[in-house]
Amino acid sequence: TVGYISGGVYYGASAIGSMAFPLISRCFGRVSVYFFALTSYVMLYAAMFVLNEYTIYAGSILAGAGGATLFILALKSIADNSRLEDLQRNMSLFWAAVSTFNIINNMVNFFYIQSLKTITATIRMS
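Residues numbered from 1 in each chain as written. Predicted model: local features only at pLDDT ≥ 70, side-chain atom pairs only at ≥ 80, totals over all residues. Heavy atoms only, no water.

Novice: Tell me what's going on with the pattern of salt bridges, and back it up with residues and numbers.
Specialist: Inspection of the entire model under this criterion finds three salt bridges. The salt bridge partner of D80 is K76, with a shortest N-O separation of 3.0 Å. Note that D80 and K76 are positioned in helix α3 (residues 53-80) at a spacing of four residues, about one turn of the helix. A relative accessible area of 44% means that D80 is categorised as partly exposed. Classification of K76 by relative accessible area gives partly exposed; the value is 37%. A salt bridge links R83 to E85; the nearest nitrogen and oxygen atoms lie 3.2 Å apart. Overall, the relative accessible area of 60% leaves E85 in the exposed class. (Salt bridge = Lys/Arg side-chain N within 4 Å of Asp/Glu carboxyl O. Helix = DSSP H or I, 4+ residues; strand = E, 2+ residues; numbered from the N terminus. Buried < 20%, exposed > 50% of the residue type's maximum accessible area, 1.4 Å probe, protein only.)

Take a look at the structure:
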């Protein structure tokens, strides 16, 4: 259940981060929010080195808020630095890169658990 709960926490924090992003960006500035987003997104992967429920949930909260913020900032950066005729292509390339990463991540997980008969707690925590 840890995987389901941490996934729910991640997407909940992502939704809240997406809604609160304009206010946070206006109060603290885009550069400091970008730094927070990058740092917090890395915290999810750092939390995996110390596997317990508290670091998994804290990492999910930080990665959810940071990931949503980072996604919005990346798209804003693409929009600000693209010419009008290149904007659709650049956004599509960004979306393709994100989708490819998700496909590869899901394939790795599929092949990792494909031969298992049961999924134990240690598999769910990894």
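What follows picks up the thread again.
Novice: Tell me what's going on with the side chain of N90, and back it up with residues and numbers.
Specialist: Within the secondary structure, N90 sits in helix α4 (residues 87-113). Among the polar contacts made by the side chain of N90, one reaches the side chain of R89 at a distance of 3.0 Å. Once you skip the residues sitting within four places of it in the chain, N90 turns out to touch I78 and S82. (Polar contact = N/O pair within 3.5 Å; in protein donor to acceptor, adjacent residues only side chain to side chain. Contact = heavy atoms within 4.5 Å.)

Novice: Just give me the short version of the environment of M91, but keep the residues and values in it.
Specialist: Residue position: M91 is located in helix α4. Look at M91 and you get partly exposed, because its relative accessible area is 26%.

Novice: If you had to explain the environment of Q88 to someone new, which residues and values would you point to?
Specialist: Examined against the element boundaries, Q88 turns out to sit in helix α4. A relative accessible area of 67% places Q88 in the exposed class. As a C-alpha pair, Q88 and I78 span 10 residues in sequence and 9.9 Å in three-dimensional space.

Novice: Can you lay out the side chain of D86 for me, pointing to particular residues and giving the numbers?
Specialist: Structurally, the position occupied by D86 is in the loop between α3 and α4. Within polar-contact distance, the side chain of D86 engages the side chain of R83 at 2.8 Å.

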